[in-house]
Amino acid sequence: MTNQFLTDEMKSLALTLGADLVGIASADRYAEAPIEMSPQGHLPGAPSVLVVAIHHPDAAIEIGGNEHPQEMGPYFIQGVMNTKLECISFQIARRLEDLGHRVVAIPATNVWRFRPYKNVKESFAPDLSDIHAAAAAGLGEIGYNGLLLTPEYGPRQRFCCLVTDAPLVPDPLYDGEPLCDMCGECIRHCPMDVFNKETGPKHVIHMDWKEFSYCNKNKWRCSWAEHFGLDLDAEIPDQVNEQTILDNLEIAGRRGGAMGSCLRYCLPAHRRRDAPADSTPWRRRSPFMDERPIGEQLADDTPKPPDRTLTLNTIKRLINREADMLAIVDRETCLERGFDLRDELPDAQTLIAFAHHSPPSLEDPGSTHLRSRPQPVVAQTLAEWSGFAQLELCQYLEARGYSAMPGGHISAAKIIPASGLAQSFSEDTGPVVDGFDGSLDFGCVLTSAPLPAAPHLFPIAPPAGAVPAAARRPRRA
């Protein structure tokens, strides 16, 4: 017997932890799947698969890769999204276990077998497909490009799933308007021409009453740059396979990963805003957004009152992410300090900059007398914490109709002077900020939201003359 309260509790927990979408799939919908890729192959007898999703910030898709698919810019936030999804998944798994249920959490990272394995005849097969799980959970449908399209975000989300014996109530399969209308944007923009070359008969799968069919791509060709980092500007062989990849890696090495154009240029018809021009993909239509063309918005000089509620919530989110300092700076001030926000985000009005502090006690032994550096594990943790803060701010601002771009790709040499938080900054010595010894990890978000300017510093050291907290505590009798 399924448990509606438990189902609602798990969905509520996922949303509270930062998921944008969550759904439940019944294991019965995997009847056609090989055992190695089904819930039963991971946890025999499990009736449920819980699927959570985080939406890509739209600016990461619409701005990232504009110069070249291998110049990803803000799209690097995808790594943060994977980590955040796995944190959400871990906490849901712990809660289910605390309630007496068994659960297997599947990593959100790109984990698959490159070669066929046992009953799995396909290459690049994951242990449990997030795309198929999301379709089985009713979150959307599989488009011709093989990506899961949701009515809210199209393909602009990443997924994580958990197999559990908890008696969760499955969601109905998606039954709305078709989300893929075969517009052909993925076909036209694919630099590897994967939809025309080395394809096989369409993949066709069935879940309950619903059929999904999509292009049978040669995944080796598809992964030339996206996964193996080979140069998209190189001469591409007519046939791409494992040996081709290995040979080219040995000869040319890696240029770097690439954004998938099938993701960048795909949106359901009801989410498309503005016809694409040159290499610019569709803007995603969302509730509360200003739907005028960007040029018309920028030409509108009607005064926009600062949104104080938005500002307070921005500060609250950064404090919750334990930022040690933050600054909200308008575009004009950033221009005076040498950074034009619109070089990064066309409609940017505001810079939200912040930093996390690493004290001298966590200094890396390899630090120099000129500049303190945190221990590698501390540096990684601070970078992930900063990435979470950027992602969560983008989620919050986008939900209120503003554009927002994570700034993890923007150099500290631009962010720190523009923020006004440091007394000085150089590449050799880093930022110098009163009250903070050790090192600082800066992050930022650029947004179209009109936020009133505000610097905030929360130094670790108490002000001069302050009475230590221990001395203020009353003594017990």
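Note that the coordinates shown come from a computational prediction; the quantities given were computed from them, not determined experimentally.

1. With respect to the overall build of the chain
1) Next: Regarding its fold elements, the chain presents 15 helices and 19 strands.
2) Next: For the chain, the C-alpha radius of gyration of 24 Å lies close to 23 Å, the compact-globule estimate for 477 residues.
3) Next: For the chain, the accessible surface area stands at approximately 22800 Å², while carbon and sulfur atoms represent 52% of it.
4) Next: Taking the 45 positively charged and 63 negatively charged side chains of the chain as two groups, their mean positions are separated by 4 Å.

2. A closer look at helix H4 (residues 77-98)
1) Next: Taking 1.5 Å per residue, 22 residues should reach 32 Å; H4 reaches 32 Å between its end C-alpha atoms and fits that length.
2) Next: Those residues of H4 that sit buried are Ile77, Gln78, Val80, Met81, Asn82, Lys84, Leu85, Ile88, Ser89, Ile92, Ala93 and Leu96.
3) Next: Positive phi shows up at Gly100, right after H4, with a value of about 95°.

3. Here we look at the environment of Asn241
1) Next: Summarising the element assignment, Asn241 is placed in the loop between helix H7 (219-226) and helix H8 (242-252).
2) Next: The exposure class of Asn241 is partly exposed, given its relative accessible area of 35%.
3) Next: When the C-alpha atoms of Asn241 and Ser223 are compared, they prove to be 10.0 Å apart, with 18 residues separating the residues in sequence.
4) Next: Among the polar contacts listed, one links the side chain of Asn241 to the side chain of Thr244, at a separation of 2.8 Å.

4. Topic: the sheet that holds strand E8 (residues 157-164)
Strand pairing in a sheet relies on backbone hydrogen bonds. The paired strands run either parallel or antiparallel.
1) Next: Overall, antiparallel pairing links the four strands, which are arranged E1-E2-E8-E3 in an open sheet. Edge positions in the sheet fall to strand E1 (21-26) and strand E3 (103-106), since each has one partner strand and no second. On average, each strand axis in the sheet is tilted by 20° relative to the strand beside it, whichever way the strands run.
2) Next: When E1 meets strand E2 (residues 48-55), the two strands line up antiparallel, connected through six bridges. Bridge pairing in E2 links Ser26 to Ser48.
3) Next: Against the sheet, helix H1 (residues 4-16) makes contact with E1 and E2, and its axis sits at roughly 145° relative to E1, the strand it touches most.

5. Things to note about the sheet that holds strand E19 (residues 454-457)
1) Next: Strand order in the open sheet formed by five strands is E15-E18-E14-E13-E19, with antiparallel pairing between adjacent strands. The sheet is open, and its two edges are formed by strand E15 (404-406) and E19, each paired on a single side. When the angles between neighbouring strand axes are averaged without regard to direction, this sheet yields 20°.
2) Next: Where E15 meets strand E18 (residues 439-447), three bridges bridge the pair, whose relative direction is antiparallel. The residue of E18 that forms the bridge with Ala404 is Thr447.
3) Next: Contacts between helix H11 (residues 308-320) and the sheet are confined to strand E13 (325-330), strand E14 (350-358) and E19, with E13 contributing the most and set at about 150° to the helix.

6. Quick word on empty space enclosed by the protein
1) Next: Summed over all chains, the structure comprises two cavities of 30 Å³ or more.
2) Next: In this model, the largest cavity occupies a volume close to 160 Å³.
3) Next: Cys190, Pro191, Cys222, Glu226 and Gly260 are the residues nearest the centre of the largest cavity, which is lined by 15 residues in total.
4) Next: Only H7 and helix H9 (261-264) provide two or more residues apiece to the lining of the largest cavity.
5) Next: With four residues, H7 is the single largest residue contributor to the lining of the largest cavity.
6) Next: Partitioning the lining of the largest cavity into residue classes produces twelve nonpolar, two polar and one charged.
7) Next: When its volume is computed, the second largest cavity comes out at roughly 100 Å³.
8) Next: If you trace the second largest cavity, you find 14 residues lining it, with Asn145, Cys180, Cys183, Cys186 and Cys266 closest to the centre.
9) Next: Of the residues that constitute the lining of the second largest cavity, the class distribution is nine nonpolar, three polar and two charged.

7. Quick word on the confidence of the model for the chain
1) Next: Averaged over all residues, the pLDDT of the chain is 91; the fraction at 70 or higher stands at 95%.
2) Next: When the criterion is pLDDT under 50, residues 466-477 qualifies, and its contacts beyond four places in sequence or with other chains add up to one contact.

About the criteria used
Residues numbered from 1 in each chain as written. Predicted model: local features only at pLDDT ≥ 70, side-chain atom pairs only at ≥ 80, totals over all residues. Heavy atoms only, no water. Helix = DSSP H or I, 4+ residues; strand = E, 2+ residues; numbered from the N terminus. Rg over C-alpha atoms; globule rule 2.2 N^0.38 Å. Areas by Shrake-Rupley, 256 points an atom, 1.4 Å probe, with all protein chains shown as cover. Lys, Arg positive; Asp, Glu negative; His and termini not counted. Charge placed at Lys NZ, Arg CZ, Asp CG, Glu CD. Expected span 1.5 Å × (residues − 1). Buried < 20%, exposed > 50% of the residue type's maximum accessible area, 1.4 Å probe, protein only. Polar contact = N/O pair within 3.5 Å; in protein donor to acceptor, adjacent residues only side chain to side chain. Pairing = 2+ DSSP bridges. Axes fitted to C-alpha atoms, helices over the stretch in contact; angles between N-to-C directions. Contact = heavy atoms within 4.5 Å. 1 Å grid on protein atoms, 1.4 Å probe; cavity = no way out; pocket = protein on both sides within 12 Å on 5 of 7 lines; lining within 4 Å. Points joined across faces, edges and corners; volume = space filled by probe spheres on them. Nonpolar A, V, L, I, M, F, W, Y, C, P; charged D, E, K, R; others polar. pLDDT = per-residue confidence, 0-100.

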